[in-house]
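# Understanding the architecture of this molecule
Residue strings, one per chain:
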Amino acid sequence: MSAPLPPRIATWLLRVAATDEDRRFVLDDLREEFETIARESGDRAARRRYWRQALTSAAPLAAVRIRQLQPARVMRSLRHSVRVLRASPGATVVAIVTLALGIGANTAVFSVVDAVLLRPLPYAAPDRLVSAWQVRDGARAVIGAADYAEYAAGSDAFEALGAFMATTRVLAAGTVPEEVNGDVVSQNLFGLLGAHAAVGRTFAAQDARPGADRTLILSDAAWRTRFGADPAVIGRSVLLSGQPHIVIGVMRGDFEAPSRFFSTVQASFFLCAPASSATAPRGDRDLRVIGRLRAGVSVLQAQDALGRIDARLAAEFPDTNRDVRARLAPLAADVTQGVRVSLLVILACVGLVVLIAAINVANLLIVKALGQRREVAIRLALGAGRSDILVEYLVRGLTLSTAGAVCGLACGVWTRDLLAAAAPPSIPRLDHLTLSARILAMTLVVTVVSGVVAGLLPALQVLREGRTSNLKVAEQSSSGTRTARRWQGLLLATEIAAAIVVALGAGLLVKSVLLLNRVDLGFQTDRVLTFQLRAPDTRSDPAARLAFFRLVSERVARIPGVRGVAFANNFPMRGGWSGGLQVLAPSGPVDAEADFQAVSETYFATLGVPVIRGRAFTGSDRSDSPPVVIVSQALVDRFLPGVEPIGVAIRRRPGAPALTIVGVVGDIRRDGKFAAVTPQVFFAAAQTASYPVALEAMAVRAERENPRALLPSIREAIAGVNPAQSIANIRALDELLSASVASWRFNMLLLTSFAALALALALVGVYGVVAHSAAERTREIGIRAALGATKASIVRLVVGGALAWAIPGIVAGLAAAVVLARVMASMLFSVPPADVPTFAIVTALMTAAATMASYLPARRAAAADPLRALRMD
Amino acid sequence: MGKGQYLGEFELYIMAATARLGAANNDAYGLTIRREIETRAGRGVAIGAVYATLGRLEEKRLVAFSISEPRPVPGGRSRKHVHLTAAGRRALAQSTAMLTRMLPGLAPAPKKP
């Protein structure tokens, strides 16, 4: 008799929903009914009836089942888990450490992501704040005061539109006048941000009126360090660059100036900008603009509103405003846009590390579970419910992951601080790392997910076995282990795929940093200290200025330990001045663009720029001698190809005095590693009277490392010339150089550490899987050996078995890595995302590592005595 | 049945069906209980709801189960037979008594079309 069978999926649904107690009876009842109806009214009616019963029964049955997971039962499983885990302390410690590393790294990175990307900006209703800029010639540009005034007056999309710009002033509070950073802000900026003064008040309309007293607001830090936190400072007059300002307020300690999000310096004071007018010179552009949208106005609507103003301005002022468009973005997104991609990539890589860790632990538990097949089969036979076993394994996985999370959280907090300390200053808001509820929630999610992964996989494994096997199941039964091996193979492939993604990301960054290191600046940055001497009283008198710099550099040169001293309008990597010129080539004048600087005779020697032809400046290049210039090789290559450059004249514009080229020096990248090599023109410092530039920077090359050690002597020498002279922007060129590549190094360092961690964990995983499967196959291997298989062929068999899983893993990993690399494009330096050599190296490395990790257990298996292997049962 | 412990509507149906089937030939188990309710009350009943409710009634000690020997036919199975306990019979009696006291005088339910 072949009775029709009830629908399988419906049966499965009931099987899953019902408790162990009810399952059999529910299924039998329905089956009995099914058979009756099938006999009486046919299969179709029976099936329909069965399905209806299954669908309506699932919910009440599942409700009972869920109610049955009582705390007492979970506690029992928990105690059992702890007992089981304590029985093999070695494996347990390995599992906990593995998870702790993954969860710890994840917590650390997520804290940074939380602080930088997720925490709302520290202003009132920050979601309505937008950042505004203009697009000029396809590039982002700051906004001029005239356009800002038009935007502010002409649009009702905003509650307010504010602006600020960074500035520096010499502050005369204290013994030595010092240059300090501050912001010039629009009168409404604090109100727009919802920021209040801790003492006194913020700016009001009257402060911006023409002819109003100059007013000043101090930052909390400046108030504490420079004014001893004295509340009586309000109303006092303070000299800023020689001009008296009345202190009207002190900001609160938790106030973050918006300028902090766009630069690495902290504003110490705030000045009130005079009310902007549309009549300001249209060429000057230096404002960063922040707006508060009216409630209900979207960013795009506001941008359209500004677009209408742009169209009008373009018609009115075609010279300056043609094709200029205002752009808006939410402020929170704008201030983090430079770091968002890299942080998310790093977070994704850490997520993969956690995945590998969880898989390793799952593997460990699977191996243990296979050892307990007999025990589980007995328990199932004696009436233990399948859900008992499931809960038990889940609890075991969660116990491990919780222990891992506790350790991970501890080391994560520590790692996070390490991370924050190593982070480049270009990552904003890192000074506010806290263990927020969001971070704890994220850690909890990671813990639960990794615990469930680690517990569920072995549970499914052992339950699958429990259903098919009987009490006679023995360790060497190959039918049961075949599925286990397939599971483990899949996990192995996943681990390898995850590891290869992280390794590839790291590889691309390592290559970027290597290429960055190889970029030749054209000058030597080591042991060079630079600083600025802005002497206000000599600004209008180039001769006096030159005399001052000569005198200072003579005195500094006498300091022991100083190898060379130079002065200029500015030094490389510290900004500069560029413009057009005419090269009077023998074939006719050529228009050119170049970077300009005015430099002392010692400039090239101090910076280590080689003189290729002709000469450097000398003491005989005076203000009354014929004007001379020195140019870089790039200028010669580009504008005087095949011409003897010495003796050729250039001039800054038609009709301006001709300047004779007396030397050619090596090319430099004036703006650092990321800049292109551009033509350079060097003027003699002694002849600056004819250029719109002032000497104000000095460089000192030390004989030994750490040029900052010379600073006290240098200060003394300068004070000897002019006690009132302030020294500003003291930076070693090496510091500037490493700051410019800091974010690259930081990303590389992070991803490389995670890649190392991922690789190590994945290899441990591969080793574990292969070792276990080789041990399971001891008998088979013994038979092969007894039948004459060589050791080499056995090693090949085992390693080949592992690679059969590892290679698909590698392929899948490479495919995922291509996606990651594309996302990472903006983090790379002259490395294409699909960089074939990097892919090849990482693939080779991964294959070699997987082979190695499976070779070790394979060799051990091959070395086993076949007789002992066969005698095992 | 303790004070304040009343039978829910569906519980009452199940208890009543169990009592009827038990009185007839001691044949109350999931399938027959469900059929009894379906034929008498004329409403569809999910087998899952029957078992879930039986579980709850057992917790309240109003019913008890006995697992029968497998029936002596090929593929024969054991059944989970349901009996009312003494407390269960009392609860059923009380509930039906309350119900009968409440019903007189009410308009008859509208006839099904």
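Bear in mind the structure is a predicted one, so any value in this text is a computation, not a measurement.

Each value, and the rule that gives it
Residues numbered from 1 in each chain as written. Chains lettered and ligands numbered in written order. Predicted model: local features only at pLDDT ≥ 70, side-chain atom pairs only at ≥ 80, totals over all residues. Heavy atoms only, no water. Salt bridge = Lys/Arg side-chain N within 4 Å of Asp/Glu carboxyl O. Helix = DSSP H or I, 4+ residues; strand = E, 2+ residues; numbered from the N terminus. Expected span 1.5 Å × (residues − 1). Buried < 20%, exposed > 50% of the residue type's maximum accessible area, 1.4 Å probe, protein only. Arc of directions from axis to C-beta. Contact = heavy atoms within 4.5 Å. Axes fitted to C-alpha atoms, helices over the stretch in contact; angles between N-to-C directions. Parallel < 35°, antiparallel > 145°, perpendicular 65-115°, else oblique. Left-handed = near helix turned anticlockwise from the far one by under 90°. Nonpolar A, V, L, I, M, F, W, Y, C, P; charged D, E, K, R; others polar. Buried area = accessible area lost by both parts, 1.4 Å probe. Polar contact = N/O pair within 3.5 Å; in protein donor to acceptor, adjacent residues only side chain to side chain. Patch = residues over 30% accessible without salt bridge, like charges linked within 9 Å, V, L, I, M, F, W, Y side chains within 5 Å. Areas by Shrake-Rupley, 256 points an atom, 1.4 Å probe, with all protein chains shown as cover. Disulfide = S-S within 2.5 Å. Core = buried A, V, L, I, M, F, W, Y, C linked by side-chain atoms within 4.5 Å. Phe/Tyr/Trp six-rings, centres within 6.5 Å; stacked < 30°, edge-to-face > 60°. Lys NZ or Arg CZ within 6 Å of the ring centre and 35° of its normal. Pairing = 2+ DSSP bridges.

## Overview of the pattern of salt bridges
Residue and element names in this part refer to chain A. By the definition in use, this model includes 35 salt bridges over all chains. Salt-bridge contacts for arginine 236 lead to aspartate 230; the nearest nitrogen and oxygen are separated by 3.2 Å. Between aspartate 621 and arginine 615 there is a salt bridge, with the nearest N and O atoms lying 2.9 Å from each other.

## A word on helix α17 (residues 542-557) of chain A
Residues and elements named next belong to chain A. Compared with an ideal rise of 1.5 Å per residue, which puts 16 residues at 22 Å, α17 spans 22 Å between its outermost C-alpha atoms and is within 8% of the ideal. If you check which residues of α17 are buried, you get Arg545, Leu546, Phe548, Phe549, Val552, Ser553 and Val556. The buried side chains of α17 occupy one side of the element, clustering within an arc of 160 degrees when seen end-on. As for α17, its buried residues are in contact with β14 (562-568), β22 (697-702) and α20 (711-721).

## A look at the packing of helix α1 (residues 8-17) of chain A against helix α2 (residues 20-41) of chain A
The packing of two helices is summarised by the inter-axis angle and the distance between the axes. All names here are of chain A. Remark: α1 packs on α2, axes separated minimally by 9 Å, with the N-to-C direction vectors making an angle of 155 degrees. If you check the angle between α1 and α2, you find them roughly antiparallel. You can see that α1 and α2 cross each other, and the crossing is right-handed. Residues Thr11, Leu14 and Arg15 of α1 form the contact with α2, whose own contacting residues are Arg23, Val26, Leu27 and Leu30. Partitioned by chemical class, the residues of the contact of α1 with α2 number four nonpolar, one polar and two charged.

## Observations concerning the interface of chain B and chain A
At the junction of the two partners, chain B supplies 19 residues and chain A supplies 18 residues. Buried area between chain B and chain A, both sides added, is near 1600 Å², and the carbon and sulfur share of it is 48%. Applying the counting rule to chain B against chain A returns four salt bridges. For the salt bridge of glutamate 33 of chain A with arginine 34 of chain B, the shortest nitrogen-to-oxygen distance reads 2.0 Å. In this structure, the connection of chain B to chain A is made through eleven residue pairs in polar contact (both at pLDDT 80 or more). Sorting the residues of the side of chain B that touches chain A by element identifies α2 (30-41) and α3 (47-59) of chain B as the ones contributing at least two each. A per-element tally of the side of chain B that touches chain A places α3 of chain B first, with six residues.

## Some remarks on the environment of glycine 397 of chain A
Residues and elements named next belong to chain A. Topologically, glycine 397 is positioned in helix α14 (residues 386-422). Looking at glycine 397, the relative accessible area reads 0%, which means it is buried. Considering only alpha carbons, one finds glycine 397 and glycine 451, 54 residues apart in sequence, at a separation of 4.5 Å.

## Thoughts on unusual backbone geometry
Among all residues except glycine, the phi angle is most often negative; among peptide bonds, the trans geometry is most common. Residues and elements named next belong to chain A. Phi at aspartate 323 takes a positive value of approximately 60 degrees, unusual for a residue other than glycine. Looking at where aspartate 323 falls in the secondary structure, it is placed in the loop between α11 (318-321) and β12 (325-330). In this structure aspartate 323 comes out as exposed when scored by relative accessible area, which is 65%. Although it is not a glycine, arginine 527 adopts a positive phi angle of roughly 65 degrees. Tracing the sequence through the fold places arginine 527 in the loop between α16 (478-518) and β13 (528-532).

## Quick word on a nonpolar patch on the surface
The grouping of Tyr767, Met852, Tyr855 and Leu856 of chain A at the surface amounts to a nonpolar patch, some 340 Å² of accessible area in total. Looking at the nonpolar patch element by element, the count peaks at three residues for helix α25 (residues 836-863) of chain A.

## A look at the state of the cysteines
Residues and elements named next belong to chain A. Tallying each qualifying case throughout the model produces zero disulfides over all chains. Free cysteine: cysteine 411, not disulfide-bonded; nearest cysteine sulfur from cysteine 407 at 7.7 Å. Classification of cysteine 411 by relative accessible area gives partly exposed; the value is 29%.

## Thoughts on the nonpolar core
Residues and elements named next belong to chain A. Membership of the largest hydrophobic core comes to 101 residues, with the highest contact counts inside it found for Val109, Leu400, Ile496, Leu751, Phe754 and Met824. Where this core is concerned, the elements lending two or more residues are α5 (89-118), α12 (331-371), α14, α15 (437-468), α16, α22 (742-776), α24 (791-823) and α25. Looking at this core element by element, the count peaks at 17 residues for α12. The residues contacting methionine 824, other than those within four sequence positions of it, are Val345, Gly505, Leu509 and Leu751. Of all hydrophobic cores here, the second largest spans 49 residues; its members include Phe531, Ile559, Phe639 and Ala686.

## A closer look at the packing of aromatic side chains
Residues and elements named next belong to chain A. According to the stated counting rule, one finds 17 aromatic pairs over all chains in the structure shown. Ring centres of phenylalanine 596 and phenylalanine 683 lie 5.4 Å apart, and the angle between their planes is 40 degrees; this geometry places the pair in the tilted category. You can see phenylalanine 596 sitting in strand β16 (residues 588-599) and its partner phenylalanine 683 sitting in strand β21 (residues 680-684), a full 87 residues away along the chain. For the pair shown, phenylalanine 596 and phenylalanine 683 are each scored as buried. Ring geometry for phenylalanine 604 against phenylalanine 617: centres 6.5 Å apart, planes inclined by 35 degrees, an arrangement best described as tilted. Residue phenylalanine 604 is found in helix α18 (residues 603-607), and its partner phenylalanine 617 is found in the loop between β17 (611-614) and β18 (628-632); the two are separated by 13 residues along the sequence. Since its relative accessible area comes to 5%, phenylalanine 617 is described here as buried. Pairwise contacts between aromatic rings join Phe571, Tyr603, Phe604, Phe617 and Phe682 into one cluster. Residue placement shows arginine 24 over the ring face of phenylalanine 25; its charged tip is 4.9 Å from the ring centre. The residue whose ring lies beneath arginine 396 is tyrosine 393, and the NZ or CZ to ring-centre distance is 4.6 Å.

## Digging into the pairing of β16 of chain A
All names here are of chain A. Pairing geometry for strand β15 (residues 577-585) and β16, over nine bridges, is antiparallel. Bridging across to β16, tryptophan 577 finds its partner in phenylalanine 596. Connecting β15 to the antiparallel partner β16 that follows it, the hairpin turn spans two residues. As paired elements, β16 and β21 share five bridges and run parallel to each other. Bridge assignment links phenylalanine 596 to a residue of β21, and that residue is valine 681.

## Examining the packing of helix α1 (residues 9-25) of chain B against helix α4 (residues 86-102) of chain B
Residues and elements named next belong to chain B. Two elements in contact, α1 and α4, have axes separated by 10 Å at closest approach and are oriented at 115 degrees. Pair α1 / α4 crosses with left-handed handedness. Mapping the contact onto sequence places Leu12, Met15, Ala16 and Ala19 in α1 and Gly88, Leu92, Ser95, Thr96 and Leu99 in α4.

## What to know about the environment of glycine 162 of chain A
Relative to the elements of secondary structure, glycine 162 of chain A occurs in strand β4 (residues 158-171). Separated by 78 residues in sequence, glycine 162 of chain A and leucine 240 of chain A have C-alpha atoms that sit 24 Å apart.

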